[in-house]
Amino acid sequence: VQLQASGGGLVQPGGSLRLSCAASGTISSFNSMGWFRQVPGKQRELVATITSGGSAYYAHSVKGRFTISRDNARNTVYLQMNSLKLEDTAVYYCNAYIYTDYWGKGTLVTVSS
């Protein structure tokens with residue numbers, strides 16, 4: 001499985017970005033897909049996941065601001081990020097779980113004024 005993340009960039013506090021993760025496989029057969037993020041010196045942390053059944057889970061820090069969604073026809077998962085904060089700055093990684101973890105290359109999100 002190959003995962004290609006895109007959509008990162010520089011945005012001001014309060015702004016929005018949408019990340020995309022295109023998968024090489026049929027995502028409807030994946031156990032789950034999600035987004036993680038990492039800043040230098042810290043562990044990678046879960047941001048949001050969505051199961052094959054469509055159930056979504058969010059980290060407390062992003063709940064109400066971020067929305068994860070999937071387009072099975074396009075084999076793509078999205079992360080809509082609204083009301084971005086300085087502390088959302090990180091490298092964001094796409095993840096697919098199919099009884100083991102698959103990772104894409106990260107995409108950098110920088111929130112700065």
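Residues numbered from 1 in each chain as written. Predicted model: local features only at pLDDT ≥ 70, side-chain atom pairs only at ≥ 80, totals over all residues. Heavy atoms only, no water.

**Structural notes on the pattern of salt bridges**
It is possible for side chains of opposite charge to pair when their charged atoms get near one another. Applying the stated rule across the entire model yields four salt bridges. Close ionic contact of Glu-45 with Arg-37 constitutes a salt bridge, the shortest N to O distance being 2.7 Å. A residue is classified by how much of its surface remains accessible, and Glu-45, at 36% relative accessible area, is partly exposed. What you see here is one network of salt bridges that share partners, running through Arg-37, Glu-45, Arg-65 and Asp-88. (Salt bridge = Lys/Arg side-chain N within 4 Å of Asp/Glu carboxyl O. Buried < 20%, exposed > 50% of the residue type's maximum accessible area, 1.4 Å probe, protein only.)

**Looking at the nonpolar core**
If you look at the biggest cluster of nonpolar residues, it comprises 29 residues, and the most contacted ones within it are Met-33, Trp-35, Leu-79, Met-81 and Tyr-92. Among the elements of the structure, β1 (3–6), β3 (17–23), β4 (32–38), β5 (45–51), β7 (66–71), β8 (76–81), β9 (90–97) and β11 (107–111) are those that each provide at least two residues to this core. (Core = buried A, V, L, I, M, F, W, Y, C linked by side-chain atoms within 4.5 Å. Helix = DSSP H or I, 4+ residues; strand = E, 2+ residues; numbered from the N terminus.)

**A look at the sheet that holds β3**
One open sheet accounts for four strands, arranged β1-β3-β8-β7; its pairing is antiparallel. Of all strands in the sheet, those bounded by a partner on one side alone are β1 and β7. For this sheet, the mean inter-axis angle between neighbouring strands, taken without regard to orientation, is 15°. Two strands pair when backbone bridges link them, and β7 and β8 are joined in this way by six bridges, in the antiparallel orientation. Within β8, the residue paired with Asp-71 across the bridge is Thr-76. (Pairing = 2+ DSSP bridges. Axes fitted to C-alpha atoms, helices over the stretch in contact; angles between N-to-C directions.)

**Focus: the state of the cysteines**
In the structure shown here, the tally under the stated rule is one disulfide. The partner cysteine of Cys-21 in its disulfide is Cys-94, sulfur to sulfur 1.9 Å. Disulfide Cys-21 to Cys-94: torsion about the S-S bond roughly -85°, handedness left-handed. In this pair, Cys-21 is assigned in strand β3 and Cys-94 in strand β9, connecting sequence segments 73 residues apart. Cys-21 sits in the buried class, given a relative accessible area of 0%. Classification of Cys-94 by relative accessible area gives buried; the value is 0%. (Disulfide = S-S within 2.5 Å.)

**Some words on the pairing of β5**
By the bridge criterion, six bridges tie β4 to β5 in an arrangement that is antiparallel. Bridging from a neighbouring strand, Phe-36 pairs with Leu-46 of β5. Taking the residues between adjacent antiparallel strands as the criterion, β4 and β5 are bridged by six residues, where Gly-41 takes a positive phi near 85°. Direction of pairing for β5 relative to strand β6 (residues 56–58): antiparallel, over a ladder of three bridges.

**Notes on the environment of Arg-74**
With respect to the helices and strands, the residue Arg-74 is situated in the loop between β7 and β8. The spatial distance from the C-alpha of Arg-74 to the C-alpha of Gln-4 is 13 Å, given a sequence separation of 70 residues.

**Section: the packing of aromatic side chains**
Counting across every chain of the model gives one aromatic pair. Ring geometry for Phe-36 versus Trp-103: centroids 5.0 Å apart, planes at 75°, classification edge-to-face. Taken together, the positions of Phe-36 in strand β4 and Trp-103 in strand β10 (residues 101–103) put the pair 67 residues apart, joining distant regions of the chain. Classification of Phe-36 as buried rests on a relative accessible area of 18%. Between Arg-44 and the ring centre of Tyr-93, over which it is positioned, the NZ or CZ distance is 3.7 Å. Here the guanidinium or amino end of Arg-44 rests over the ring plane of Trp-103, the centre of that ring lying 4.6 Å away. (Phe/Tyr/Trp six-rings, centres within 6.5 Å; stacked < 30°, edge-to-face > 60°. Lys NZ or Arg CZ within 6 Å of the ring centre and 35° of its normal.)

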